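What follows is the residue order along each chain.
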Amino acid sequence: MDRASSSSTAGGEQSDVDWLALAAAAASAMKNAYAPYSKFPVGAAALTEDGRIVSGCNVENASYGLTLCAECALVGNLRMTGGGLLRAFYCVDGGGNVLMPCGRCRQLLYEFRAPGMELMTTQGIKTMDQVLPDAFGPQHLEETR
Ligand code: THU
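Quick caveat: nothing in here was measured; it's all calculated off a predicted structure.

1. A few points about the overall build of the protein chain
- When helices and strands are tallied, the protein chain shows five helices and five strands.
- Reading the helices (α) and strands (β) of the protein chain from amino to carboxyl end gives α-β-β-α-β-α-β-β-α-α.
- In terms of overall size, the protein chain behaves like a compact globule, its C-alpha atoms giving a radius of gyration of 15 Å where 145 residues would be expected to give roughly 15 Å.
- Taking the principal axes of its C-alpha atoms as reference, the protein chain extends roughly 50 × 40 × 25 Å.
- Burial statistics for the protein chain: of 145 residues in total, 41% are counted as buried.
- Sequence-distant contacts, at least 24 apart, represent 59% of the contacts inside the protein chain between residues at least 6 apart.

2. So, the pairing of strand β3 (residues 86-92)
- Counting buried positions over the seven residues of β3 gives six, a clear majority of the element.
- Summarising the sheet, strand β1 (residues 43-48) and β3 pair through six bridges and their orientation is antiparallel. Across the sheet, the residue bridging to Ala 45 is Tyr 90, located in β3.
- Summarising the sheet, β3 and strand β4 (residues 113-121) pair through three bridges and their orientation is parallel. Across the sheet, the residue bridging to Phe 89 is Leu 119, located in β4.
- The handedness of the β3 to β4 crossover, carried by helix α3 (residues 103-111), is right-handed.

3. A short note on the site of the ligand
- In the vicinity of the ligand, the contacting residues are Ser 38, Phe 40, Val 42, Asn 58, Glu 60, Thr 67, Cys 69, Ala 70, Glu 71, Met 100, Pro 101 and Cys 102.
- Here an oxygen atom of the ligand and a side-chain polar atom of Asn 58 are 2.9 Å apart.
- Within the backbone of Ala 70, a nitrogen or oxygen atom sits 2.8 Å from an oxygen atom of the ligand.
- Coverage of the ligand by the protein chains reaches 79% of its 380 Å² of free accessible surface.
- Its residues assigned to classes, the shell around the ligand comprises seven nonpolar, three polar and two charged.

4. A look at the packing of aromatic side chains
- Enumeration according to the criterion identifies two aromatic pairs in this entry.
- Where Tyr 37 meets Tyr 64, the ring centres are 5.4 Å apart and the plane angle is 40°; that geometry is what we call tilted. Taken together, the positions of Tyr 37 in the loop between α1 (19-30) and β1 and Tyr 64 in the loop between β2 (53-57) and α2 (70-80) put the pair 27 residues apart, joining distant regions of the chain.
- Note on Tyr 64: relative accessible area 58%, which makes it exposed.
- Over the aromatic face of Tyr 110 sits the side chain of Arg 113, whose NZ or CZ is 3.7 Å from the ring centroid.

5. Re the packing of α2 against α3
- Following both chains from N to C, one finds α2 and α3 inclined at 15°, their axes separated by 9 Å at the closest point. Comparing their axes, α3 and α2 come out roughly parallel. The two elements α2 and α3 meet at a crossing, and its hand is left-handed. Every residue of α3 that contacts α2 at Glu 71, Cys 72 and Val 75 is listed here: Arg 104, Cys 105, Leu 108 and Leu 109.

Calculation notes
- Residues numbered from 1 in each chain as written.
- Predicted model: local features only at pLDDT ≥ 70, side-chain atom pairs only at ≥ 80, totals over all residues.
- Heavy atoms only, no water.
- Helix = DSSP H or I, 4+ residues; strand = E, 2+ residues; numbered from the N terminus.
- Rg over C-alpha atoms; globule rule 2.2 N^0.38 Å.
- Buried < 20%, exposed > 50% of the residue type's maximum accessible area, 1.4 Å probe, protein only.
- Contact = heavy atoms within 4.5 Å.
- Pairing = 2+ DSSP bridges.
- Right-handed = clockwise from strand over helix to strand, strands pointing away.
- Near = heavy atom within 4 Å.
- Polar contact = N/O pair within 3.5 Å; in protein donor to acceptor, adjacent residues only side chain to side chain.
- Areas by Shrake-Rupley, 256 points an atom, 1.4 Å probe, with all protein chains shown as cover.
- Nonpolar A, V, L, I, M, F, W, Y, C, P; charged D, E, K, R; others polar.
- Phe/Tyr/Trp six-rings, centres within 6.5 Å; stacked < 30°, edge-to-face > 60°.
- Lys NZ or Arg CZ within 6 Å of the ring centre and 35° of its normal.
- Axes fitted to C-alpha atoms, helices over the stretch in contact; angles between N-to-C directions.
- Parallel < 35°, antiparallel > 145°, perpendicular 65-115°, else oblique.
- Left-handed = near helix turned anticlockwise from the far one by under 90°.

Okay, here's the thing in structure tokens:
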């Protein structure tokens, strides 16, 4: 069974997420990438708690450091289409291979994670806590107020 259709988490539990649909949505989003500088198109897709699929692609800039990762567009799309939280996430490169979200984007995803959110990784399905352990989050802002 290939990675896209596997449905077991790292802990061996079954995932009820339609990972193939998410992989397809991520690959479709990737086709919209604007990546003339890196030539590394990326697509990301996520399943929301209420069953929507939101997606995004990377958008680069001549001022290289202003590049927007695919996850930036995805969280914008999440907010623009009804908000809510993310249950599952899938990111692909130009070849449709699973891509790990970069460090900054793990933080973006953490903000909008539903409890138990799952991510497809190069090592199979993992949880948000596994890919961003000991994360900084909204809870820390509350602690010091
Ligand atoms: N990229 C993403 O879109 N998401 C990630 O999580 C990793 C990197 C993009 C940014 C840039 O346009 C290209 O990949 C090469 O770094």
